[in-house]
Amino acid sequence: MLKESAGYLQAVYQALWGKCGASGEEARIIARCFLAADLYGKETQGIAAIPLLYPFARDGGVRFGAPIEVVGEGPGFALVDGHHGSGHVVATRAMEIAIAKAREATVGSVWVRNANDFTMAANYPIMALEHDYFGLAMCNGVPLVAPWGGRDAVFNTNPMAYAIPAGEELPIVYDGATCAVSHGQVVLAARDGVRLPADQLVGEDGRFTDDPTPLVTDPFDRGSEQLGAILPLGAKGFAWTILIDVLSGLMAGMNTAKEIPFHQTAEHPWTGGIFVMAVNIANLVELGAFKAKVDGLIRNCKASRLAQGFDEIVMPGERAQREAARRRRGGVPLRAEDWANVVRIAAELDLDLEALRTASDC
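Small disclaimer: the values here were computed from a predicted structure and weren't measured. In every chain, residue numbers begin from 1 and rise along the written sequence. Only residues with pLDDT of 70 or above have their local features reported here, since the model is predicted, and side-chain atom pairs are shown and tallied only from 80 upward, although totals for entire chains, interfaces and linings are computed over all residues. Side-chain metrics rest on all non-hydrogen atoms present in the structure, leaving aside hydrogens and water.

## Describing the pattern of salt bridges
Item 1. Definition used for salt bridges: Asp or Glu carboxyl oxygen within 4 Å of a side-chain nitrogen of Lys or Arg. Applying the stated rule across the entire model yields 22 salt bridges.
Item 2. What emerges from the salt-bridge pattern is a single network uniting Arg191, Asp192, Arg335, Glu337 and Asp338.

Right, here's the structure in full:
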């Protein structure tokens, strides 16, 4: 296991996307989003996602410098057209709009069309915490998940994230897929030759399987094919998956997963949607009292007597926030193959990683 400093990784990511055509500000936003995922221990949404998104940028699926246009709005909502710019940049701007609208209208809701994958969903609700607002983000994407009772991939993992401000306690930050296992966990299991519980995956033949390998495509090989699907998180997870597909995709005027191209290019861009929301809590209740009650909720949970097999109660996002603090101090652990992919892409872009190391150490 390798280890690199957060500062160096930020410099690498920023330079890499700059070489792909991102402006300085675009590259900073994208790098910040990738680094946050690495710090939170969600590497499959950080460094491990670079080989997936890099071909989209290389082949014109991500259009750096594209205008971010508000095509419809009211006091508490907006519809944004990202013109196939970076999903990270467009979603960041969308949340900024949601926060601005929530300042006056209490709730700011923003739908995004014509963007791209935004990787770690928590990046955007966390922005609302800086204002003591509640934040929410979700998106749909390429087909990976079967409907409840089916075998064919009809939905994306449809991630959803929310952030709730607290007082003395850490904020509550949830980030997760609405299926039985995240695509990132499937990828890691396939890489490591690890089997998964058979009730999480379905094979091409319609039988439950514990083998994740057929479900993982090679981002460097356009001919690779996903066989089988991830299962929804039961019937209730299926219902949540449908909600996110409609709320983030169809209400933005975009497509459901089956109509979204797996390999995005200039001719066949991403056609999913994004939804973000911010809530100005202080317009509803006294903020200090609200945060004290959130603290009380957290403490009541942690004071609960433990069930068999548990040694503590951990709130959503608690481990990730503590891990981020540790990794900022002591460095970010990286899988050798993930770093090798970065080195490979850097070589293709004629990017000098050692020069960046020297500069980031100064």
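## Examining the sheet that holds strand β5 (residues 134-139)
Item 1. Two strands are said to pair when DSSP picks up at least two bridges between them. A run of H or I in DSSP counts as a helix once it spans at least four residues, and a run of E counts as a strand once it spans at least two, with each numbered from the N terminus. As summarised here, the arrangement of the seven strands in space is β2-β3-β4-β11-β5-β6-β7, forming an open sheet in which the pairing is mixed. Pairing within the sheet leaves two strands with one partner each, and these edge strands are β2 (69-74) and β7 (172-176). Mean inter-strand twist for the sheet, computed between neighbouring axes without regard to direction, equals 10 degrees.
Item 2. Looking at chain direction, β2 and strand β3 (residues 77-81) are connected through five bridges and run antiparallel. Within β3, the position partnered with Gly74 by the bridge is Phe77.
Item 3. The strands that helix α4 (residues 87-105) touches are β2, β3, β4 (107-113), β5 and β11 (273-279); relative to β11, the one it contacts most, it runs at about 35 degrees. To obtain an axis, a line is fitted to C-alpha atoms, over the contacting stretch when the element is a helix, and the angle between two such axes runs from 0 to 180 degrees between their N-to-C directions. Here a residue-residue contact requires only that any non-hydrogen atoms of the pair lie within 4.5 Å.

## Quick look at the sheet that holds strand β9 (residues 208-209)
Note: strands within a sheet are paired through backbone hydrogen bonds, in either parallel or antiparallel orientation.
Item 1. Pairing is antiparallel across the open sheet formed by three strands, whose spatial order is β9-β8-β10. The open sheet has two free edges, formed respectively by β9 and β10 (229-230), since each of these has just one partner strand.
Item 2. Pairing of strand β8 (residues 201-202) with β9, which is carried by two bridges, proceeds in the antiparallel orientation. Looking across to β9, one finds that Leu201 is bridged to Thr209.

## Quick look at helix α1 (residues 6-19)
Item 1. What a helix is expected to span follows from its residue count: subtract one and scale by 1.5 Å. Given a rise of 1.5 Å per residue, 14 residues ought to cover 20 Å, and the 20 Å separating the end C-alpha atoms of α1 matches this to within 8%.
Item 2. Each residue is assigned to one of three classes by its accessible area relative to the maximum for its type, calculated with a 1.4 Å probe on protein chains only: buried under 20%, partly exposed between the two thresholds, exposed over 50%. All buried positions along α1 are accounted for by Ala6, Tyr8, Leu9, Val12, Tyr13, Ala15, Leu16 and Trp17.
Item 3. Positive phi appears at Gly21, one or two residues downstream of α1, with a value of about 115 degrees.

## Remarks on the environment of Asp152
Item 1. Summarising the element assignment, Asp152 is placed in the loop between β5 and β6 (160-164).
Item 2. Residues Asp152 and Ile230, 78 residues apart in the sequence, show an inter-C-alpha distance of 9.0 Å.

## Some words on the packing of α1 against helix α3 (residues 50-58)
Item 1. At a minimum axis distance of 10 Å, the contact between α1 and α3 shows a crossing angle of 25 degrees. Judged on the interaxial angle alone, α3 and α1 are roughly parallel. Contacts between α1 and α3 pair Tyr13, Leu16 and Trp17 from the former with Ile50, Leu53, Tyr54 and Ala57 from the latter.
Item 2. In terms of residue class, the contact of α1 with α3 is made up of seven nonpolar, no polar and no charged. Each angle gets one of four labels, with under 35 degrees taken as roughly parallel, over 145 as roughly antiparallel, 65 to 115 as roughly perpendicular, and the rest as oblique. Gly falls in the polar group here, along with every residue not listed as nonpolar (Ala, Val, Leu, Ile, Met, Phe, Trp, Tyr, Cys, Pro) or charged (Asp, Glu, Lys, Arg).

## Overview of a negative patch on the surface
Item 1. On the surface, Asp152, Glu204, Asp205 and Glu225 cluster together to form a negatively charged patch.
Item 2. Along the chain, the position of Asp205 falls in the loop between β8 and β9.
Item 3. Owing to a relative accessible area of 47%, Asp205 belongs among the partly exposed residues under this scheme. Each patch is built from residues lacking any salt bridge and having more than 30% relative accessible area; the joining distance is 9 Å for like charges and 5 Å for nonpolar side chains (Val, Leu, Ile, Met, Phe, Trp, Tyr). Shrake-Rupley sampling with a 1.4 Å probe provides the accessible areas, and residues are treated as covered by the protein chains on show and by no other component. Only four residue types enter the charge count, namely Lys and Arg as positive and Asp and Glu as negative; His and the chain termini do not. Charge coordinates come from a single atom per side chain, which is NZ of Lys, CZ of Arg, CG of Asp or CD of Glu.

## Observations regarding the side chain of Asn114
Item 1. One can find Asn114 in the loop between β4 and α5 (125-129).
Item 2. Owing to a relative accessible area of 17%, Asn114 belongs among the buried residues under this scheme.
Item 3. Within 3.5 Å is the distance limit for a polar contact, defined as a pair of N or O atoms, with the added protein rule that one can donate a hydrogen and the other accept it, and that residues adjacent in sequence qualify only through two side-chain atoms. Separated by 3.2 Å, the side chains of Asn114 and Asp81 make a polar contact.
Item 4. Contacts of Asn114, omitting those with residues within four sequence positions, involve Asp81, Gly82, His83, His84, Gly85, Met254 and Gly272.

## Examining the environment of Arg63
Item 1. Tracing the chain through its elements places Arg63 in the loop between α3 and β2.
Item 2. Exposure remark for Arg63: the relative accessible area of 33% places this residue in the partly exposed category.
Item 3. Taking the C-alpha atoms as reference, Arg63 lies 9.8 Å from Cys20; in sequence the two are 43 residues apart.
Item 4. Once you skip the residues sitting within four places of it in the chain, Arg63 turns out to touch His83, His84, Gly85, Ala266 and Pro269.

## What about the packing of α3 against helix α10 (residues 336-348)?
Item 1. Here α3 crosses α10 at 20 degrees, and the two axes come no closer than 10 Å. Taken as axis vectors, α3 and α10 run roughly parallel relative to one another. You can see that α3 and α10 cross each other, and the crossing is left-handed. Contact with α3, carried on its side by Ile50, Pro51, Tyr54 and Arg58, involves Asn341, Val342, Ile345 and Glu348 of α10 and no other residues of that element.
Item 2. Looking at the contact of α3 with α10 residue by residue, the classes come out as five nonpolar, one polar and two charged. Crossing handedness is defined as follows: a turn of the near helix away from the far one that is anticlockwise and smaller than a right angle gives a left-handed crossing, while the clockwise case is right-handed.

## Things to note about the pairing of β5
Item 1. Burial within β5 is extensive, with five of its six residues counted as buried.
Item 2. In the sheet, β5 pairs with β11 via six bridges, with the strands oriented antiparallel. Along β11, the bridge assignment pairs Met138 with Phe275.

## Considering the side chain of Glu26
Item 1. Following the sequence through the fold, Glu26 ends up in helix α2 (residues 24-39).
Item 2. Buried and unpaired, Glu26 has no salt bridge, with Arg93 as the nearest side chain of opposite charge at 8.1 Å.

## With respect to the pairing of β7
The side chains of a regular strand alternate between the sheet's two faces.
Item 1. Summarising burial for β7: four of the five residues are buried, a large majority.
Item 2. The pairing of β6 with β7 spans five bridges and is antiparallel. Within β7, the position partnered with Met160 by the bridge is Gly176.

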